[in-house]
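So you can see what is in the structure, the chains are spelled out below.
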Amino acid sequence: MSAQDYTDAFEKIEKLGLKNKQILEIPRVLLNCLLADSKENGYNQFYALVGMKLCEQHHNLLKSFQFLFWDTVQKYEDKDDSDSEDEQTDDINDEDVRLRVIANQGRFFGTLLGQGILKFDVFKHVPLISGLTSDGSLFVEVLIYQLFQTISKRSEVVSKKEGRKDYKYKDENMVSLINSNMIGETKNTILKGLAWFIKNKLMYENYLDSDRTSKAFKRDKRRIEWAVPKFESLVKDIINEGDEY
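Described in the following lines is the structure provided in the data block. Worth saying up front: this structure is predicted, and the values here are computed from it rather than measured.

**Here's the deal with unusual backbone geometry**
Working step 1: Residues other than glycine seldom take positive phi values, yet E162 does so here, at roughly 55°.
Working step 2: Counting through the fold element by element, E162 comes out in the loop between β1 (156-161) and β2 (164-169).
Working step 3: Here E162 falls in the exposed class, since its relative accessible area comes to 79%.

**What to know about the packing of helix α4 (residues 46-57) against helix α5 (residues 61-74)**
Packed helix pairs are specified by the crossing angle of their axes together with the interaxial distance, meaning the distance between the axes.
Working step 1: Taken N-terminus to C-terminus, the directions of α4 and α5 make an angle of 140°; their axes are 9 Å apart at the nearest point. With respect to α5, the axis of α4 lies oblique. Contact residues: G51, L54 and C55 in α4; L61, L62 and F65 in α5.
Working step 2: Looking at the contact of α4 with α5 residue by residue, the class counts come to five nonpolar, one polar and no charged.

**Describing the pattern of salt bridges**
Working step 1: Using the criterion set out here, one finds nine salt bridges in the structure.
Working step 2: K53 is paired through a salt bridge with E56; the nearest N and O atoms lie 3.8 Å apart. One end of the pair, K53, and the other, E56, are both in helix α4, three residues apart, so they sit about a helical turn from each other.
Working step 3: By sharing partners, the salt bridges in this structure join E95, R98 and D135 into a single network.

**Quick look at helix α1 (residues 6-14)**
Working step 1: All of the buried residues in α1 are D8, A9, F10 and I13.
Working step 2: In the core, the buried residues of α1 are packed alongside α3 (26-38) and α4.

**Considerations on the packing of aromatic side chains**
Working step 1: Scanning all chains against the criterion turns up 14 aromatic pairs.
Working step 2: Taking 5.7 Å as the distance between ring centres and 70° as the angle between the ring planes, the aromatic pair formed by F67 and W70 counts as edge-to-face. Of this pair, F67 and W70 both sit in helix α5, three residues apart, which is roughly one turn of that helix.
Working step 3: Using a relative accessible area of 45% as the deciding quantity, one classes F67 as partly exposed.
Working step 4: Taken together, the ring pairs in this structure connect F65, F69, Y76, F108, F109, F120, F123, F139, F148 and F231 into an aromatic cluster.
Working step 5: The lysine or arginine in question, R222, covers the ring of Y167, its NZ or CZ lying 3.6 Å from the ring centre.

**Structural notes on the nonpolar core**
Working step 1: One finds F120 and F148 to be the most contacted residues of the largest nonpolar core, which totals 75 residues.
Working step 2: No other element matches helix α7 (residues 134-155), which puts 10 residues into this core.
Working step 3: In this structure F120 touches L113, L147, L177, I178, S180, M182, I190, L191, L194 and F231, once residues within four positions along its chain are discounted.

Each value, and the rule that gives it
- Residues numbered from 1 in each chain as written.
- Predicted model: local features only at pLDDT ≥ 70, side-chain atom pairs only at ≥ 80, totals over all residues.
- Heavy atoms only, no water.
- Helix = DSSP H or I, 4+ residues; strand = E, 2+ residues; numbered from the N terminus.
- Buried < 20%, exposed > 50% of the residue type's maximum accessible area, 1.4 Å probe, protein only.
- Axes fitted to C-alpha atoms, helices over the stretch in contact; angles between N-to-C directions.
- Parallel < 35°, antiparallel > 145°, perpendicular 65-115°, else oblique.
- Contact = heavy atoms within 4.5 Å.
- Nonpolar A, V, L, I, M, F, W, Y, C, P; charged D, E, K, R; others polar.
- Salt bridge = Lys/Arg side-chain N within 4 Å of Asp/Glu carboxyl O.
- Phe/Tyr/Trp six-rings, centres within 6.5 Å; stacked < 30°, edge-to-face > 60°.
- Lys NZ or Arg CZ within 6 Å of the ring centre and 35° of its normal.
- Core = buried A, V, L, I, M, F, W, Y, C linked by side-chain atoms within 4.5 Å.

Put into structure tokens, the structure is as follows:
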């Protein structure tokens, strides 16, 4: 948390000489640091960048991030037992801070999905259509929004046309994301669940910059308005024609 940037953090972690079992705990430590930071500040992309950099060097961390994601989702499942409560949020009295923590978890995992650290098959253990608490629904909504923003940024091609910037998007990253690690009926189930959630739950306008004249608003609106229809179109090509979701 005291590093100058994510490369500095990566180098500091590497110099610790951690053993294999200790290395596998890094994703959980990163998330804990992010959430501690979230209680006072906004989302910091730094932690996701550190995770991505570490995965380049330690491929066994990919599984650790996957299990961390599932552990996080499990805490947001709609269960009667107290074990389903999220220890990261159930002791936060300030509602704004609590919602910020949930949203920043979503942004963290959404970035990792958009960058390919997590694969789409992680959704096989997410009850998208039913089974999430209201906090869980918020978590997934933010995650999908951040995922689409990340994919769009990676896919954006900028050129100049008649003195103005022209934006186009390549499909390859979105296609690769949808097809990663998913086969057969599991793939159809995941895609149907995501398509249903996007259609019924994703209110992406809530996450755009409040200043409609700002560059951030125009940039993010442009990207999300490419990503959502593109995803829906690709999913329809995969799912049987006429199958409603």
